[in-house]
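Okay, here's what each chain looks like letter by letter:
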Amino acid sequence: MSDPLNAAALLANFVIVPAIAYGSQLALGALGVTLIYGILRFSNFAHGDTMAFGTMITILFTWWFQSLGLSLGPLPTALLALPFGIAVCALFVLFCDRVVYRFHRAKRADPVIFVIASVGVMFVMNGLVRFIIGPDDQNFADGERFIIKAREFKQLTGLSEGISIKVSQSITVVTMIIVVAALFWFLNKTRTGKSMRAYSDNEDLALLSGINPDRVVAVTWILAAALATIAGTLYGLDKSFKPFTYFQLLLPIFASAIVGGLGNPIGAIAGGFVIAFSEITVTYAYKKFANYIVPGDWKADGLMQLLSTNYKFAVSFLILLMVLLFRPTGIFRGKSV
Amino acid sequence: MITSLRNIFYFAVMAGLIVLVGQMQSWNLALSILNLCLISSVMALGVNMQWGYAGLFNVGVMGFAALGGLMAMLVSMPPVQEAWTAAGGGAWVGMGIFLLTLIIAITLYRKLPKNGLRTAAIMLVVIAGYVLLRIYFDPTTKVIEKVNPAASGYLGGLGLPIILAWPLGGLLAGGVAWFVGKITLGLRSDYLAIATLGISEIIVAVLKHEDWMTRGVKNVTGLPRPVPYEVNLQNTQWFLDLCERLGTDPVTFSSIFVKLCYAGLFAVVLLLVLWLSERALRSPWGRMMRAIRDNEVSASAMGKDVTARHLQVFVLGSVVVGIAGAMLTTLDGQLTPSSYQPLRFTFLIWVMVIVGGSGNNWGAVLGGFVIWFFWIEAEPLGLWLMDVLTAGMADDSALRTHLLESAAHMRLITMGLILLLALRFNPRGLLPERTQQ
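Residues numbered from 1 in each chain as written. Chains lettered and ligands numbered in written order. Predicted model: local features only at pLDDT ≥ 70, side-chain atom pairs only at ≥ 80, totals over all residues. Heavy atoms only, no water.

Visitor: Which parts of the structure should I look at to understand the overall build of chain A?
Guide: Secondary structure assignment for chain A yields 13 helices and two strands. In terms of overall dimensions, chain A is globule-like: its C-alpha atoms have a radius of gyration of 21 Å, near the 20 Å expected for 337 residues. Along the three orthogonal principal directions, the C-alpha set of chain A runs to about 70 × 55 × 40 Å. Expressed as a percentage of its 337 residues, the buried residues of chain A come to 57%. In chain A, of all internal contacts separated by at least 6 residues, the share reaching a separation of at least 24 is 74%. Approximately 13,900 Å² of chain A is accessible, and the part contributed by carbon and sulfur atoms is 65%. Distance between charge centroids for chain A: 6 Å, based on 26 positive and 18 negative side chains. (Helix = DSSP H or I, 4+ residues; strand = E, 2+ residues; numbered from the N terminus. Rg over C-alpha atoms; globule rule 2.2 N^0.38 Å. Buried < 20%, exposed > 50% of the residue type's maximum accessible area, 1.4 Å probe, protein only. Contact = heavy atoms within 4.5 Å. Areas by Shrake-Rupley, 256 points an atom, 1.4 Å probe, with all protein chains shown as cover. Lys, Arg positive; Asp, Glu negative; His and termini not counted. Charge placed at Lys NZ, Arg CZ, Asp CG, Glu CD.)

Visitor: Hey, could you run me through the overall build of chain B in this one?
Guide: A count of helical and extended segments in chain B gives 18 helices and two strands. Scaling as 2.2 N^0.38, a compact globule of 437 residues should have a C-alpha radius of gyration of about 22 Å, and chain B matches this with 24 Å. Oriented by its inertia axes, the alpha-carbon framework of chain B measures out at about 65 × 60 × 55 Å. The buried share among the 437 residues of chain B stands at 50%. Long-range contacts, defined as pairs at least 24 residues apart, comprise 81% of the intrachain contacts of chain B with a sequence gap of at least 6.

Visitor: So what exactly am I meant to see when it comes to the domain arrangement of chain B here?
Guide: Interfaces are frequently sized by the accessible area removed from exposure as the parts join. Residues and elements named next belong to chain B. Here chain B is partitioned into domain 1 (7-79 + 156-425) and domain 2 (80-155). One C-alpha centre belongs to domain 1, the other to domain 2; they are set 31 Å apart. On the side of domain 2, 15 residues touch domain 1, which itself brings 14 residues to the contact. Of the roughly 1,100 Å² buried at the junction of domain 1 and domain 2 (both faces included), carbon and sulfur atoms supply 54%. Summed over the three residues of domain 1 that lose the most area to domain 2, namely Pro79, Trp212 and Arg215, the buried surface amounts to 57% of that side. At the surface where domain 1 touches domain 2, the tally comes to zero salt bridges. Linking domain 1 with domain 2 are five residue pairs in polar contact (both at pLDDT 80 or more). Its residues placed into classes, the side of domain 1 that touches domain 2 shows eight nonpolar, two polar and four charged. (Domains from an automatic or database assignment. Buried area = accessible area lost by both parts, 1.4 Å probe. Salt bridge = Lys/Arg side-chain N within 4 Å of Asp/Glu carboxyl O. Polar contact = N/O pair within 3.5 Å; in protein donor to acceptor, adjacent residues only side chain to side chain. Nonpolar A, V, L, I, M, F, W, Y, C, P; charged D, E, K, R; others polar.)

Visitor: Just to check I follow, could you spell out the pattern of salt bridges for this structure?
Guide: Opposite charge on two side chains permits them to pair, given that their charged atoms come into close proximity. All names here are of chain B. The final tally for this structure, using the stated rule, is ten salt bridges over all chains. Aspartate 138 serves as the salt-bridge partner of arginine 134, at 3.0 Å between the closest nitrogen and oxygen. Of this pair, arginine 134 and aspartate 138 both sit in helix α5 (residues 116-146), four residues apart, which is roughly one turn of the helix. Exposure remark for arginine 134: the relative accessible area of 26% places this residue in the partly exposed category.

Visitor: Any chance you could explain helix α6 (residues 165-184) of chain B here in plain terms?
Guide: One turn of the α-helix equals 3.6 residues, which is why residues spaced by three or four share an orientation. Taking 1.5 Å of rise per residue, the 20 residues of α6 of chain B would be expected to cover 28 Å, and the 28 Å separating its terminal C-alpha atoms lies within 8% of that figure. Considered for burial, the residues of α6 of chain B that qualify are Ala165, Trp166, Gly169, Gly170, Ala173, Gly174, Ala177, Val180, Gly181, Ile183 and Thr184 of chain B. Summarising the contacts, the buried residues of α6 of chain B are in contact with α13 (312-326) of chain A together with α3 (61-76), α7 (189-209), α11 (250-282) and α14 (306-332) of chain B. Immediately downstream of α6 of chain B, the backbone of glycine 186 of chain B shows phi near 95°, a positive value. (Expected span 1.5 Å × (residues − 1).)

Visitor: What exactly am I supposed to notice about the environment of threonine 62 of chain A here?
Guide: All names here are of chain A. Locating threonine 62 in the fold gives a position in helix α2 (residues 47-68). For threonine 62, a relative accessible area of 0% puts it in the buried group. Between the C-alpha atoms of threonine 62 and glycine 162, which are 100 residues apart in sequence, the distance is 32 Å.

Visitor: How should I be thinking about the interface of chain B and chain A in this particular structure?
Guide: Contacts between the two partners involve 47 residues from chain B, matched on the other side by 50 residues from chain A. Here chain B and chain A share an interface that buries about 4,400 Å² over both sides, 79% of which is from carbon and sulfur atoms. At the junction of chain B and chain A, the tally comes to zero salt bridges. Across the chain B-chain A interface, the total number found is five residue pairs in polar contact (both at pLDDT 80 or more). Elements with a contribution of two residues or more to the side of chain B that touches chain A: α5, α6, α7, α15 (342-356), α17 (398-406) and α18 (410-425) of chain B. Among the elements that make up the side of chain B that touches chain A, the one with the highest residue count is α7 of chain B (13 residues). The residue inventory of the side of chain B that touches chain A, partitioned by class, reads 32 nonpolar, nine polar and six charged.

Visitor: I tried to follow the state of the cysteines on my own but got confused; where do I start?
Guide: Structurally, a disulfide amounts to a covalent bond that connects the sulfur atoms of two cysteines. Under the definition given, this model contains zero disulfides over all chains. Among the cysteines around cysteine 89 of chain A, which has no disulfide bond, cysteine 96 of chain A carries the closest sulfur, lying 9.0 Å off. For cysteine 89 of chain A, a relative accessible area of 0% corresponds to the buried category. Left without a disulfide partner, cysteine 243 of chain B is nearest to the cysteine sulfur of cysteine 261 of chain B, which lies 13 Å away. (Disulfide = S-S within 2.5 Å.)

Visitor: Can you walk me through unusual backbone geometry in this structure?
Guide: Working note: non-glycine residues mostly have negative phi, and peptide bonds are mostly trans. Residue and element names in this part refer to chain A. Despite not being glycine, arginine 41 shows a phi value in the positive range, around 65°. Note that arginine 41 resides in the loop between α1 (3-40) and α2. Judged by relative accessible area, arginine 41 falls into the partly exposed class, the value being 27%.

Visitor: Please explain the packing of helix α16 (residues 361-389) of chain B against α18 of chain B as it appears in this structure.
Guide: For any two helices packed against each other, one specifies the crossing angle of their axes together with the interaxial distance. All names here are of chain B. It is the contact of α16 with α18, at a shortest axis distance of 10 Å, that shows an interaxial angle of 125°. Taken together, the axis directions place α16 and α18 in an arrangement best described as oblique. Between α16 and α18 lies a crossing of right-handed hand. Here Ile371, Trp375, Ile376, Glu379 and Met386 of α16 lie close against α18, whose contacting residues are Met410, Arg411 and Met415. Tallied by class, the residues present in the contact of α16 with α18 amount to six nonpolar, no polar and two charged. (Axes fitted to C-alpha atoms, helices over the stretch in contact; angles between N-to-C directions. Parallel < 35°, antiparallel > 145°, perpendicular 65-115°, else oblique. Left-handed = near helix turned anticlockwise from the far one by under 90°.)

Visitor: Help me understand the side chain of threonine 220 of chain A, please; the structure alone is not making it clear to me.
Guide: All names here are of chain A. Inspection of the secondary structure assignment puts threonine 220 in helix α9 (residues 213-238). Judged by relative accessible area, which is 0%, threonine 220 ranks as buried. In contact with threonine 220, not counting residues within four places along its chain, are Leu35, Ile36, Ile39 and Met196.

Okay, here's the thing in C-alpha cells:
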C-alpha cells in the first residue's frame, strides 16, 4: 500500500530536491546574464568564468578563515567569506570593463564585437583561475552536511525510501529567495534601479533625462559579479568546485536566460527552474520508481533512463532550440528577436 | 603594390622563422610545425568565410573539426569482423531506424507547409526514432563493446583510403552546420554563438561516450596513412639509393620524407581552398556577401535573401573546418576524443583569423601560420620565463613549484590577451581586407 508513497519519496529525493537547488543556482546565474544583456546588450560569455573567479576568491578566503579558526557553526564558513569574494570579483569585473568593454562601448561597436571580447575575457579569467587554484576539484564545504538524513526520514515515516535534504541545498534556496527579493526591490524601488530599467528600455531617452550611463554600467557589473559569485559559491558548496565545470555551466545558464526571455529578470528565474527540472527528470533512471508504481511482479529490465547523464547539457541545448523554434523571444517576452 | 609587397614580406618572414627552427632545433620539428600550420590555415580559412565574409560568430569550431576527425576514423579503419558477426543484425536495425527517422523527418520538412505544426510533427518523429533506437540499439552496443574490449570493442570503419574522409568529413560537418544554422540564423547574432557552443560540446561528448562507435576515451590508434611508413621506406631500394645520393642517414631522412609527403598533400588542399575562396570573394557572390555583412537592411532592400546567404556561407565555412579536422586526425594517425579542447580548436582559430586579418583570405592563412608557430614555441618560452622569474627562489619553494607547474595555463591568458589586444588596437589584422571599388 505504501508503494505510491515510496515512489513519491524516491522522486522527491532524487529529482525534486536536487532540481530545486540546481534551479536556484541556474536562476542566479541567468539573472546575471540577463542583467548584462538588458543594460549592455550583449551575451556575456565570460559569465561562467566570472562565477569560477568569484568562487575561487571565496574559497581562498574560506581557507584563510578556517586556518584562523573562524566558523559559522553548522553553516559553512564559505558564507562568511562570500562578501569578500563578491567584493574582489566586482573589482576585477569593473577592471575588465574599464580596460576592455569601455573602449568598444565608446565606439558603439556591434554587439558581436562585445561577444568576442567577452570570449577573450573568459579565457583570461579561466587561465587566471587555473593558474591560481589549479584545474582540479576543490571541496570547501564544512559545517553540518544534512538537515535531515535519509535514515532519519525512514525511521520517522516508516517508509522504505528516505528523503535527505543537504544543508547546502537549503542554503541555496534561502539565499536565492533573499537575493532575488533584494534585487527586485533594488530594481523597482530605488532611484538607481529605476534608472537602470529606464536605461535598459530606451537608452537615448534615459541619457536625455540625465541618467549617468557610467554609473548604470558600473552598478550593472557589480550586480552581475555579486550574482555570479553567489551562484558559483552555492553551486560549489552543493557539488564541488572545478573550473571546467563552471565553463560548462555557461550553456544551461544561457539556455535559462533565453528560455525565460533575455533581459527579463522574472524570465531568468523561471528559465532556471525549467532547465534544471528538465535536465534532472530526463537524466534520472526511473527503474526503481517504475518498480514501485507498476503493480504485480513486473520488473523493469533496463535502467529506464531517457538520456545518460553524460549528455545532460544536451537537454539545455534541445530546450534552447525548441524555444528558438517556437518562441524566439522566450516565455516571458524578453527583448530579443 | 605596397600591399602585395607587405604580403610577400610577412610570408617571407614566416618561412624564415620555420627555416630558423629547422636550423636551430631540428628539421623534423620544423616540418611538424609546418604541417600543423598548413592545417590551421585551412581551418582559419573556413572560419574566415563565416566571420570575415559574413560576420557570423561560430563558437563551435571544435565540434565541426571533431566531426571531420570522426569521419577520418570511420572511413579508414578496417571493419571489426567479430563485432559485425556478433552484433551485425542489431547494428543494421539501428542504422535502419536512424536512416528511416532521418528520411521521414526530411520528407515532412519538404512536403508540409511551413508552420509550427510542421516543426512539432518533425520533433515527434525524431523523438519516436530516438526511443526506438534506444530500445533496439542499446543491447547491441553492449554486445559490440564486449567484443575484445582491450583491442577493439567497436564496429570499426569502412576500410577505405583515408583521403576519401577529407571531403566526407567536410560534408558531415556541413550537414550539422545546416541543421544548427537553419534554426538559429535569422534570429539575434548571439543565438548562433550560443547554439554552436552547445552543439560542439554535444558532438565532443558523443565522441567521448559512444564507445561502440569511437571507442570513447580509449582512443582509436593506428589509422591507415595516405603516405608511406618510415619502416617500409627504410627497406625500399630507391629510397636507400636516394639517401646515399643525398648523403643522409636513412632513419632520420625517412621521417623527414614522410612529413614532406604530408606537407605536400596539405599544401594542395590549402592552395585549392585558398584559390576557390579568392575566386568566390572576387565574384559577384563575394561582393554580395560583403554588402550583406556591412549593411543587412540595405542588402535585403536590394532583394538579397540575407538569412539564406548566411546559411549558405555558414555551411561552406563549416565544410572547410570539417576537411581540416579530418586532415588533422589523418596527420595524428589517431582519434583522441579527449584532445578536443575549446581553447585549442575554437579559440585558437579565432585568434588566427582576427590577428591575421578578417575578411582577407591571405590574412587568415598568415594568421594560421603565425599563431600556430607561437603556440608551439610559447611553451618552451613560457617555461623559460617562469624559470628565470623564479630563479631567485629556493629550489624547494612551494611558490616556485606552483608557478612552474602552472606555466601551461599561461597559454590561456596569453591567447586571451592577444585576442583582446588585437580587437582593440588592430581590429583589421596584419593583412587588412582590401576593397577595390
